[in-house]
Amino acid sequence: MKKSNIRVLPITPWSSTSKWKCKFLPLLVLCLSLSLFGFGEALLLKSQLGSAPWTVLAQGIAIQTGLNIGLITFMISVFVLLAWIPLKQQLGLGTLLNITIIAVTLGMFDKLLPNIEQLVIQLLFAIFGIITIGIASALYLTTHMGAGPRDGLMVGLCQATGLRVGIIRTLIEGSVCLLGWILGGVVGLATLLFAFGVGWVVQYSLVFLTKHYQISN
C-alpha cells in the first residue's frame, strides 16, 4: 500500500461524499463539532495558563517583526495552507466553516464562561478544553468536508509518512511551541499540555470512531 493511500480518517454514517455538498447529517455534525471546538478553545483561554502553541508562535513572530499578532496569525494560516499543496490536501466547506464557526463560538463562550482565579479550576478548564478540542477535531474531520489549516497539515503528513495521528500532531505542536518560545512567545502550563496531549486525544477519538462507527467500503 502506498503511504498516500493510507486511510487516516474513517468513513462514518455522517461522512460526506463531497467536500462541498450540504447534506443534512454531515453538515449538522460539522457545525456542532466546530461549535464544540470553539467551546474547548474558550475553556483553554479562560484557564489563563497559556495560549495554544500556534498562538505562541504568532506572538513570537510579532515580537520579532513588530507586526500585529492578528496579521501574523492570518499569514501563518496562509503558509500552512500552501504546505497542503505537496501533501495533496484539498479545501472544502469544512475549511471555511472552521474559520468562521470556531471564531464565533469562541467569542460567545468567552463571554459566557466566568473568569476564574483558583489554580485547580484553571487546570481543570485547561485539561477539559484540550480533551474537548481533540474530540471535536476527530468528529469534524470524519465528515470529510475539509479540514482547518492545521488539521489538514496533520492529516496530510500522516498520509505521507504513515505515522499515527498522535505522533504527527505532537511533533507539529511541539515544534511550533519550541519555535515560538525561542522567538519570545510566552509558554504556559496549558501550552505544554496542549502540545503534548491534544494529538493523542484526537488519535484515541479516531480509534473509537473507527471501532464503533466505521462503514466498510
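Residues numbered from 1 in each chain as written. Predicted model: local features only at pLDDT ≥ 70, side-chain atom pairs only at ≥ 80, totals over all residues. Heavy atoms only, no water.

Chemist: Is there a simple way to think about the packing of aromatic side chains in this case?
Modeler: In this description, a pair of aromatic rings is defined by centroid distance and the angle of the planes. Tallying each qualifying case throughout the model produces five aromatic pairs. Judged by centre distance (6.3 Å) and plane angle (35°), the rings of Trp-200 and Tyr-204 are tilted. One end of the pair, Trp-200, and the other, Tyr-204, are both in helix 8 (residues 189–213), four residues apart, so they sit about a helical turn from each other. Relative accessible area serves as the criterion here: at 25%, Trp-200 is assigned to the partly exposed category. Within the aromatic cluster, the residues linked to one another by ring pairs are Trp-14, Phe-208 and Tyr-213. (Phe/Tyr/Trp six-rings, centres within 6.5 Å; stacked < 30°, edge-to-face > 60°. Helix = DSSP H or I, 4+ residues; strand = E, 2+ residues; numbered from the N terminus. Buried < 20%, exposed > 50% of the residue type's maximum accessible area, 1.4 Å probe, protein only.)

Chemist: Is there a simple way to think about the environment of Ile-172 in this case?
Modeler: Examined against the element boundaries, Ile-172 turns out to sit in helix 7 (residues 165–182). C-alpha of Ile-172 to C-alpha of Phe-196: the two residues are 24 residues apart in sequence and 9.7 Å apart in space. Apart from residues no more than four positions distant in its own chain, Ile-172 is found in contact with Trp-54, Leu-153, Met-154 and Leu-157. (Contact = heavy atoms within 4.5 Å.)

Chemist: Before we go on, may I ask you to explain the pattern of salt bridges in this structure?
Modeler: Close approach of charged atoms allows side chains with opposite charge to pair. Counted by the stated rule, this structure contains three salt bridges. In this structure, Arg-169 engages Asp-151 in a salt bridge whose closest nitrogen and oxygen atoms are separated by 2.8 Å. Of this pair, Arg-169 sits in helix 7 while Asp-151 sits in helix 6 (residues 149–161); the two residues are 18 residues apart in sequence, bridging distant segments of the chain. Considered together, Arg-169 and Asp-151 belong to a single accessibility category, that of buried residues. Overlapping salt bridges, with partners in common, bring together Asp-151, Arg-169 and Glu-173 in one network. (Salt bridge = Lys/Arg side-chain N within 4 Å of Asp/Glu carboxyl O.)

Chemist: Where do I start with the packing of helix 1 (residues 24–47) against helix 5 (residues 119–141) in this structure?
Modeler: To characterise two packed helices, one gives the angle between the axes of the helices and the distance between these axes. One way to put it is that helix 1 packs onto helix 5 with a least axis distance of 7 Å and a crossing angle of 160°. When the axes of helix 1 and helix 5 are compared, the pair comes out roughly antiparallel. Taken as a pair, helix 1 and helix 5 cross one another with a handedness that is left-handed. Of the residues contributing to the contact of helix 1 with helix 5, the split by class is 16 nonpolar, seven polar and two charged. (Axes fitted to C-alpha atoms, helices over the stretch in contact; angles between N-to-C directions. Parallel < 35°, antiparallel > 145°, perpendicular 65-115°, else oblique. Left-handed = near helix turned anticlockwise from the far one by under 90°. Nonpolar A, V, L, I, M, F, W, Y, C, P; charged D, E, K, R; others polar.)

Chemist: Before we go on, may I ask you to explain the nonpolar core in this structure?
Modeler: Across soluble globular proteins, you tend to see nonpolar side chains buried next to one another. Grouped together as the largest cluster of nonpolar side chains are 46 residues, with contacts concentrated most on Leu-34, Leu-44, Trp-54, Ile-76, Met-154, Val-165 and Ile-172. Mapped by element, the contributors of at least two residues to this core are helix 1, helix 2 (53–65), helix 3 (69–87), helix 4 (93–112), helix 5, helix 6, helix 7 and helix 8. At seven residues, the largest contribution of residues to this core is made by helix 5. Each residue touching Val-165, except ones within four places of it in the same chain, is listed here: Val-8, Met-154, Cys-158, Gly-199, Val-202, Gln-203 and Leu-206. Listed in part, the six residues of the second largest apolar core include Phe-39, Ala-42, Leu-113 and Phe-125. (Core = buried A, V, L, I, M, F, W, Y, C linked by side-chain atoms within 4.5 Å.)

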